[in-house]
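Next come the chains, spelled out residue by residue.
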Amino acid sequence: MSSPIEIKTNIKVSAAKVWQALTDKNEIKAWYFDIQNFQPFVGTVFDFYEPEDHKKYRHRSEVLEVIPEKKLSFTWTYPDFSTAVSTVTWEIDELENGETSVKVIHSETEKFGDLGYNFSRKSFAEGWRGILNHSLKPFLEK
């Protein structure tokens, strides 16, 4: 078993603003993906596609844990390709300087290893680094 992928950055906004970006469907669509059936409640199942892949990879997730302005955790699967299940967790920590530390943790990605490079640890890490530093952070700091 490999260790989880952990990507962290500080964003110059409050934890409340980060939480809204992670849980409001309209905001999610602006910096991440169009996830129509997402709701920040345990047990919510939601699907989405990566737009640049022309709906090549369907993701299906189920919300596992919700601690407002602190933590959001959900499963991460590709039901059209595998029965494997991994977990994505967003951790939010408002700092004394007014910034917010945001960390995304993706565990058990090795379960997708037989699906090729697009499902590799390296690909997941690059993807999360881009999402956190080139999508979420600029969206919130604009």
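This text follows the structure it describes.
In this text, all values refer to a predicted model and were calculated from it rather than measured experimentally.

The pairing of strand 2 (residues 45-49) with strand 3 (residues 58-67) spans 5 bridges and is classified as antiparallel. Counterpart to Asp47 in the pairing with strand 3 is Arg60. Bridge analysis of strand 3 against strand 4 (residues 71-76) gives 4 bridges, and the strand direction is antiparallel. Bridge pairing in strand 4 links Val63 to Phe74.

All right, on to the sheet that holds strand 4 then. Taken together, the 6 strands give an open sheet; going across it, the order is 1-6-5-4-3-2, and neighbouring strands pair in antiparallel fashion. On the outer flanks of this sheet lie strand 1 (5-11) and strand 2, each paired with one strand and no other. In this sheet, neighbouring strand axes are inclined to one another by 25 degrees on average, regardless of whether the strands run parallel or antiparallel. The sheet contact formed by strand 1 and strand 6 (residues 100-107) spans 7 bridges and is antiparallel. Looking at strand 6, one finds that Asn10 is bridged to Ser101. Where helix 1 (residues 15-23) meets the sheet, its contacts fall on strand 3, strand 4, strand 5 (86-94) and strand 6, and the angle it forms with strand 5 comes to roughly 155 degrees.

Counting residues in hydrophobic clusters, the biggest one holds 39 residues, and the most contacted among them are Trp31, Tyr32, Trp76, Trp90, Trp128 and Leu136. Elements that contribute at least two residues to this core include exactly strand 1, helix 1, helix 2 (25-31), strand 2, strand 4, strand 5, strand 6 and helix 3 (121-141). Residue contributions to this core peak at 8 residues, all from helix 3.

This next bit is on helix 1. Among all positions in helix 1, only Ala15, Val18, Trp19, Ala21, Leu22 and Thr23 are buried. Next to the buried residues of helix 1 lie helix 2, strand 3, strand 4, strand 5, strand 6 and helix 3.

Moving on to helix 3. For the α-helix, the turn length of 3.6 residues means that residues three or four positions removed from each other point alike. Compared with the 30 Å implied by 1.5 Å per residue over 21 residues, the 28 Å span of helix 3 between its first and last C-alpha is a close match. Of all bends in helix 3, the biggest is about 30 degrees, found at Ile131. Buried-residue contacts for helix 3 involve strand 1, helix 1, helix 2, strand 4, strand 5 and strand 6.

What follows is about the pattern of salt bridges. Summed over the entire model, instances satisfying the criterion amount to 8 salt bridges. Between Lys29 and Asp34 there is a salt bridge; the shortest N-O distance is 4.0 Å. Residue classification places Asp34 among the partly exposed residues on the basis of a relative accessible area of 37%. Overlapping salt bridges bring together Asp47, Arg58, Arg60 and Asp80 as one network.

Cut-offs used in this document
Residues numbered from 1 in each chain as written. Predicted model: local features only at pLDDT ≥ 70, side-chain atom pairs only at ≥ 80, totals over all residues. Heavy atoms only, no water. Pairing = 2+ DSSP bridges. Helix = DSSP H or I, 4+ residues; strand = E, 2+ residues; numbered from the N terminus. Axes fitted to C-alpha atoms, helices over the stretch in contact; angles between N-to-C directions. Contact = heavy atoms within 4.5 Å. Core = buried A, V, L, I, M, F, W, Y, C linked by side-chain atoms within 4.5 Å. Buried < 20%, exposed > 50% of the residue type's maximum accessible area, 1.4 Å probe, protein only. Expected span 1.5 Å × (residues − 1). Bend = angle between axes of the 7 residues up to and from the residue. Salt bridge = Lys/Arg side-chain N within 4 Å of Asp/Glu carboxyl O.

On their own, these measurements won't tell you what the molecule is for.
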